[in-house]
There are 2 protein chains.
Amino acid sequence: MPRVINFGAGPSALPDSVLQEAAAGLLDFNGTGIGIAEISHRSKEFTAFLAEVESLIRTQLDVPPTHSILFTQGGGTGQFSAVVLNMLARHRLLHPNLADEDRVLDYVVTGSWSKKAADEARRLGGARVHVAADARLHSKDTKSFDNIPTHDKYKFSLDPALIYYCENETVDGVEFSADPSSAASFPFELLPEGGLLPLVGDYSSSFMSRPIPRLADHAVIYAGAQKNIGPAGLTILIVRKDCLVDVDAAAKLGAAAVPITMAYKTLSDSSSVHNTPSVLPIYIAGLVLRRMKELGGVQYYEQLNKRKADKLYTAIGAGEEKGIFKAKVREGSRSLMNVVFDVLGDDLEAKFIAGAEAKGMKALKGHRSVGGIRISLYNAVTEEQVDAVVAYMNEFIQT
Amino acid sequence: MPRVINFGAGPSALPDSVLQEAAAGLLDFNGTGIGIAEISHRSKEFTAFLAEVESLIRTQLDVPPTHSILFTQGGGTGQFSAVVLNMLARHRLLHPNLADEDRVLDYVVTGSWSKKAADEARRLGGARVHVAADARLHSKDTKSFDNIPTHDKYKFSLDPALIYYCENETVDGVEFSADPSSAASFPFELLPEGGLLPLVGDYSSSFMSRPIPRLADHAVIYAGAQKNIGPAGLTILIVRKDCLVDVDAAAKLGAAAVPITMAYKTLSDSSSVHNTPSVLPIYIAGLVLRRMKELGGVQYYEQLNKRKADKLYTAIGAGEEKGIFKAKVREGSRSLMNVVFDVLGDDLEAKFIAGAEAKGMKALKGHRSVGGIRISLYNAVTEEQVDAVVAYMNEFIQT
């Protein structure tokens, strides 16, 4: 079967050239005569490769030496728990004598994923969860995730153990703006001042799609790889070094014990190979990142991704004028990665999807929790592929 | 570079034919026009594939309907924590009013990995760790892992929350015998009677190499995939259904909170896709398991693996007679998967390794913690490859 156009929300499209290179690497990694899925994670060849992957991320995102780059497994959902456990351990070491109910975790809830993260913090206990902003309260119907709240809507706590946000909400198609003058930017100016910010960002679905605003001010940035840079099974962490804490010392003071694979310090002390990492996903991500550097890095993709999204939102706008499409997200808060809209009218949504599939465009269905159409525009989706779907949408609204 | 002979201990050799098939699947999975690293884990095509993988394991290992087969990430090290958390939650629900110091976790320590598992249980707390047997006490120098203790050396607790053992110790090259009449078999007859056994087996490095003795009596069996069946990044669990407990209900009674990705019930309720699983490693494991079934399943590999190990131990014996080799493990306790020995005499070990590498045989160095030679004979290592190393060893002891 010829390759189709894959607009899936993750796992999602990867560049053809990378997949061809990876296919060769399955049988012979780097001239070793051993395939990449078969080689020891402690071999000098893989150790060098892992260091290169780290460096490709560090240089392209401009990660300062204050921060470690780590590789682990378990996806964003694993990090919902890990960030809470590590940041509460850090808070315990800083403030050993506070009662649990006086420890606070601040969550900015702008979509399904940040909501799930807050739910997991509540499950784990050990602190009070404070919702610093809830986008639903400011939505068209007070229950939808259709916006990034304006800065006047946030209320942060005084000394939270973490301040959590999700940059891009894959299900709901809302994304913080990277432009600090936008009303939908992250309200950095409201954060507590002085000392090291406990700021945690889930960048799973926007990682490497553009530069990260105020990266150096983050305690932890994490991302599942399966959107812009690789296969599922790899999670990338950028952790400020003061957050690599001795979780056992914190546990002696009353913090929850941290499963060893979730302890950031253990991961860092072992250069991400305390236990066997997901070698093959790391390899493919490395190939994607190498290609990305050659093309011009995150700056290149930032421009490309803006052009792609502009074209698509323009096509949705044209459909809105005809009463056929309806964008789900408020202007200004719309994601460059996951573009969501409804097709209005009886059975027209099914017709829209079937027509696209007939043209070789797949995975356009919205997330099962919200329905509608979702077109994901991760780095590997080309401008030509966007042109193809836009042409189809323009044709669709004429008929 | 032509493919070399890979005797690595994990990640380790995979069959050439599977790697070629996987290379094609990277560009087109199952005629979808989407590569396996790019397809949604909730697509009907991958859902069907995952169900097939489960069935390939269930039929070949004869897993009864009392047990669920689950797929997760994080490797054996992740399970060191997860089994403790889940089995302590289960124990809490069964015995809500016991004090932590009256809960016991029984560990059988026969090598580096079971020792690490017991260490992690101590780190996590919530119960007392009791070492039911320690192979070092019965070794040639009271400090080596060179044996499986005889049955008279075990002391199990009355009502432990778990009874833990590691079937094959990858670093030390000791393995329980699958023959119940052997002194090195697991002492099933000594286990507490009545009720459902809380027996936990780490099968990471012997999974699918032969049938699992008394599988139905196990509470949990787990295995990292990166030895006999696939790439790193996939962990397979076989969990008896009474061990799929409501960890949140247990936490309300005082048990430790369990990170959501480690909760067996959540994993089971979601058919292993609560969060995105490691799709690509699962795919390759599935191809390996399909091929395995065609060849004759675990029975086929049991015979093959015995022949391979016999040949190798015979060659070591011939070297011992010449005073050149020295097996590290007591006869009867020797692993069929990881064969460890010393090359005696100044610089002879380095010469042995260099000579093997010149013949295209790689990854023969023992684990850094114990030194010596380690030749791993996982399923994908062919009898011809074993014949090649045996010929080299016989040649080596002549010169």
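Looking at an unreviewed UniProt entry, one finds chain A named phosphoserine transaminase, with Mycena chlorophos as its source organism. Database annotation for chain A, UniProt heading Sequence similarities (unreviewed entry): "Belongs to the class-V pyridoxal-phosphate-dependent aminotransferase family. SerC subfamily."

Student: What's the story with the overall build of chain A in this structure? I'm lost.
Tutor: Helix and strand content of chain A: 10 helices and 14 strands. Against the compact-globule benchmark of 21 Å for 399 residues, chain A has a radius of gyration of 22 Å, which places it among compact chains. The principal-axis extent of the C-alpha atoms belonging to chain A is close to 70 × 60 × 30 Å. The 399 residues of chain A split such that 63% are buried. By sequence separation, contacts in chain A at least 24 residues apart represent 70% of the contacts at least 6 residues apart.

Student: Please explain the packing of helix α2 (residues 44–61) of chain A against helix α7 (residues 279–295) of chain A as it appears in this structure.
Tutor: Helix-helix packing: each pair is described by the crossing angle between the helix axes and the interaxial distance. All names here are of chain A. Between α2 and α7, the shortest axis-to-axis distance is 9 Å and the interhelical angle comes to 45°. In terms of axis orientation, α2 runs oblique to α7. At the point where α2 passes α7, the crossing takes the left-handed sense. Of α7, the residues touching α2 (which contributes Phe46, Phe49, Leu50, Glu52, Val53, Leu56, Ile57 and Gln60) are Val279, Ile282, Tyr283, Gly286, Leu287, Leu289, Arg290, Met292 and Lys293.

Student: For this particular structure, what's the right way to read the relation of the copies chain B and chain A?
Tutor: There are two copies of the chain, and a rotation about an axis plus a shift along that axis relates them. Relative to chain A, chain B is turned by 180° and slid 0.0 Å along the rotation axis, the superposed coordinates differing by an RMSD of 0.0 Å. When the rotation and shift are considered jointly, the pair of chain copies conforms to a two-fold rotation axis. Ranked by how close their C-alpha atoms come to the rotation axis, the residues of chain B are headed by B:Ala23, at 2.1 Å. Both copies share a contact surface, since 100% of the interface residues of chain B are interface residues in chain A too.

Student: What should I look at first to understand the domain arrangement of chain A in this one?
Tutor: Interface size is commonly expressed as the accessible surface area that is lost when the partners come together. All names here are of chain A. Domain boundaries assigned for chain A yield domain 1 (25–293) and domain 2 (297–398). One C-alpha centre belongs to domain 1, the other to domain 2, and the line joining them spans 28 Å. Taken together, the contact between domain 1 and domain 2 spans 28 residues of the former and 23 residues of the latter. Taken over both partners, the interface formed by domain 1 and domain 2 buries close to 2100 Å², and the fraction arising from carbon and sulfur atoms is 49%. For the interface between domain 1 and domain 2, the tally reads 0 salt bridges. Counting every contact that joins domain 1 to domain 2 gives 15 residue pairs in polar contact (both at pLDDT 80 or more). If you list the elements that add at least two residues to the side of domain 1 that touches domain 2, you get α2, β6 (168–169), β7 (174–175) and α7. Considering each element in turn, the side of domain 1 that touches domain 2 owes the most residues, 3 residues, to α7.

Student: Is there a simple way to explain the side chain of B:Ser376 in this structure?
Tutor: By secondary structure assignment, the location of B:Ser376 is in strand β14 (residues 373–376). A distance of 2.9 Å separates a polar atom in the side chain of B:Ser376 from a polar atom in the side chain of B:Asn338.

Student: Help me out: how do you make sense of unusual backbone geometry in this one?
Tutor: Keep in mind that most residues, glycine aside, have a negative phi and that most peptide bonds are trans. Residues and elements named next belong to chain A. A cis amide bond links Gly10 with the next residue in sequence, Pro11, at an omega value of -10°. Secondary-structure assignment places Pro11 in the loop between β1 (5–6) and α1 (16–27). Of note, Arg214 is a non-glycine position whose phi angle comes to about 50°, a positive value. With respect to the helices and strands, the residue Arg214 is situated in the loop between β8 (199–202) and β9 (218–224). Positive phi values are uncommon outside glycine, yet Asp347 reaches one of about 65°. Locating Asp347 in the fold gives a position in the loop between β12 (338–343) and α9 (348–358). Given the relative accessible area of 65%, Asp347 is considered exposed.

Student: Explanation requested: the nonpolar core in the structure shown.
Tutor: Soluble globular proteins: nonpolar side chains tend toward being buried together. If you look at the biggest cluster of nonpolar residues, it comprises 132 residues, and the most contacted ones within it are A:Leu26, A:Leu61, A:Phe207, B:Leu26, B:Leu61 and B:Phe207. Setting aside anything within four residues of it in sequence, one finds B:Leu61 in contact with B:Phe207, B:Met208, B:Arg210, B:Pro211, B:Ile212, B:Leu215, B:Ile238 and B:Val298. Membership of the second largest hydrophobic core comes to 80 residues, among which are A:Ala118, A:Leu237, B:Ala161 and B:Leu244.

Student: Is there a simple way to think about the sheet that holds β12(A) in this case?
Tutor: Consider a sheet: its strands pair through backbone hydrogen bonds, and that pairing is either parallel or antiparallel. Residue and element names in this part refer to chain A. As summarised here, the arrangement of the 3 strands in space is β11-β12-β14, forming an open sheet in which the pairing is antiparallel. Looking along the sheet, the strands with just one partner apiece sit at the ends: β11 (325–327) and β14 (373–376). Averaged over all pairs of adjacent strands, the angle between their axes in this sheet comes to 35°, without regard to strand direction. Note: β12 against β14, 4 bridges, orientation antiparallel. Looking at the pairing, Val339 lines up with Ile375 of β14. On the sheet, helix α10 (residues 383–398) packs against β11, β12 and β14 and is oriented at approximately 130° with respect to β11.

Student: Would you mind going over the packing of aromatic side chains with me for this structure?
Tutor: How two aromatic rings sit relative to each other is set out by the distance from centre to centre and by the angle between their planes. All chains considered together, the criterion is met by 42 aromatic pairs over all chains. Ring geometry for A:Phe341 versus A:Phe352: centroids 6.0 Å apart, planes at 80°, classification edge-to-face. Here A:Phe341, found in strand β12, pairs with A:Phe352, found in helix α9; they are 11 residues apart in sequence, far enough to count as distant. The class of A:Phe341 is buried, set by a relative accessible area of 0%. Between B:Phe352 and B:Tyr392, the ring centres sit 5.1 Å apart and the planes meet at 40°, which makes this aromatic pair tilted. Of the two residues, B:Phe352 is situated in helix α9 (residues 348–358) and B:Tyr392 in helix α10 (residues 383–398); the sequence distance between them amounts to 40 residues. You'll find B:Phe352 and B:Tyr392 in the same group, each marked buried. In this structure an aromatic cluster arises from ring pairing among A:Tyr154, A:Phe156, A:Tyr165, A:Phe176, A:Phe186, A:Phe188 and A:Tyr203. The ring of A:Trp113 carries A:Lys116 above its face, with NZ or CZ at 4.6 Å from the centroid.

Cut-offs used in this document
Residues numbered from 1 in each chain as written. Chains lettered and ligands numbered in written order. Predicted model: local features only at pLDDT ≥ 70, side-chain atom pairs only at ≥ 80, totals over all residues. Heavy atoms only, no water. UniProt positions renumbered as here; feature names shortened; annotations may be inferred. Helix = DSSP H or I, 4+ residues; strand = E, 2+ residues; numbered from the N terminus. Rg over C-alpha atoms; globule rule 2.2 N^0.38 Å. Buried < 20%, exposed > 50% of the residue type's maximum accessible area, 1.4 Å probe, protein only. Contact = heavy atoms within 4.5 Å. Axes fitted to C-alpha atoms, helices over the stretch in contact; angles between N-to-C directions. Parallel < 35°, antiparallel > 145°, perpendicular 65-115°, else oblique. Left-handed = near helix turned anticlockwise from the far one by under 90°. Least-squares fit on C-alpha atoms with pLDDT ≥ 70 in both. Domains from an automatic or database assignment. Buried area = accessible area lost by both parts, 1.4 Å probe. Salt bridge = Lys/Arg side-chain N within 4 Å of Asp/Glu carboxyl O. Polar contact = N/O pair within 3.5 Å; in protein donor to acceptor, adjacent residues only side chain to side chain. Core = buried A, V, L, I, M, F, W, Y, C linked by side-chain atoms within 4.5 Å. Pairing = 2+ DSSP bridges. Phe/Tyr/Trp six-rings, centres within 6.5 Å; stacked < 30°, edge-to-face > 60°. Lys NZ or Arg CZ within 6 Å of the ring centre and 35° of its normal.

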